[in-house]
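# Examining the three-dimensional arrangement
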Amino acid sequence: MRLDDTGFFLHTTGANSPLESISAGRAREKCGFAARATLIGQNTSGVPDTAENGDRFGSRAAFVGGHVAVSAPEENSGTGAVWVCPGTVSGVTATRSVSSGPRTLATPVSDAHFGAAFHR
């Protein structure tokens, strides 16, 4: 679990199971538990694409400029992809999420494992 500088947390779950997802929310000051968390997966309304077993969605996740970037390095048989879920004043949302992969960047596609590593 990671906290950003505004007190939002990010936790990835099940990066090797059909229940691949991330949860994000604001941490409570005193007890450290989430006051409200948003669970986001590839089948969440607003997230482009659909989940396939073994994508490893949530394998890497990071706060980027108030938004959350999430990877699935095994998406499309190892091509990989990254999604950006917008941050709002109340937390992270799947609404207006975008995705990109090697084709988006005009880079080699086969076994690219795009999103396998994030620089922090």
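Refer to the structure printed above.
Quick summary incoming for the structure in this document. (Residues numbered from 1 in each chain as written. Predicted model: local features only at pLDDT ≥ 70, side-chain atom pairs only at ≥ 80, totals over all residues. Heavy atoms only, no water.)

## Brief notes about the overall build of the protein
- A count of helices and strands for the protein gives one helix and ten strands.
- Reading the protein from its N end, one meets helices and strands in the order β-β-β-β-β-β-α-β-β-β-β.
- Per-residue burial over the protein gives 37% buried out of 120 residues.
- For the protein, restricting intrachain contacts to residue pairs at least 6 apart in sequence, the fraction spanning at least 24 positions comes to 40%.
- For the protein, the computed accessible surface area is about 6800 Å², with 54% contributed by carbon and sulfur atoms. (Helix = DSSP H or I, 4+ residues; strand = E, 2+ residues; numbered from the N terminus. Buried < 20%, exposed > 50% of the residue type's maximum accessible area, 1.4 Å probe, protein only. Contact = heavy atoms within 4.5 Å. Areas by Shrake-Rupley, 256 points an atom, 1.4 Å probe, with all protein chains shown as cover.)

## Here we look at the nonpolar core
- Formed by I40, V47, F57, V68, V70, A72, A81, W83, C85, V92 and A94, the largest nonpolar core amounts to eleven residues.
- Listed by contribution, the elements that provide at least two residues to this core are β6 (67-72) and β7 (81-85). (Core = buried A, V, L, I, M, F, W, Y, C linked by side-chain atoms within 4.5 Å.)

## So, the pairing of β6
- Counting buried positions along β6 yields five of six residues, so the element is predominantly enclosed.
- When strand β5 (residues 61-64) meets β6, the two strands line up antiparallel, connected through four bridges. Bridge pairing links V64 to H67 in β6.
- The antiparallel pairing of β5 with β6 creates a hairpin that spans two residues between the two strands, and G65 there sits at a positive phi of about 55°.
- Across five bridges, β6 lies against β7 in antiparallel orientation. Each residue of the ladder has a partner; that of V70, found in β7, is W83. (Pairing = 2+ DSSP bridges.)

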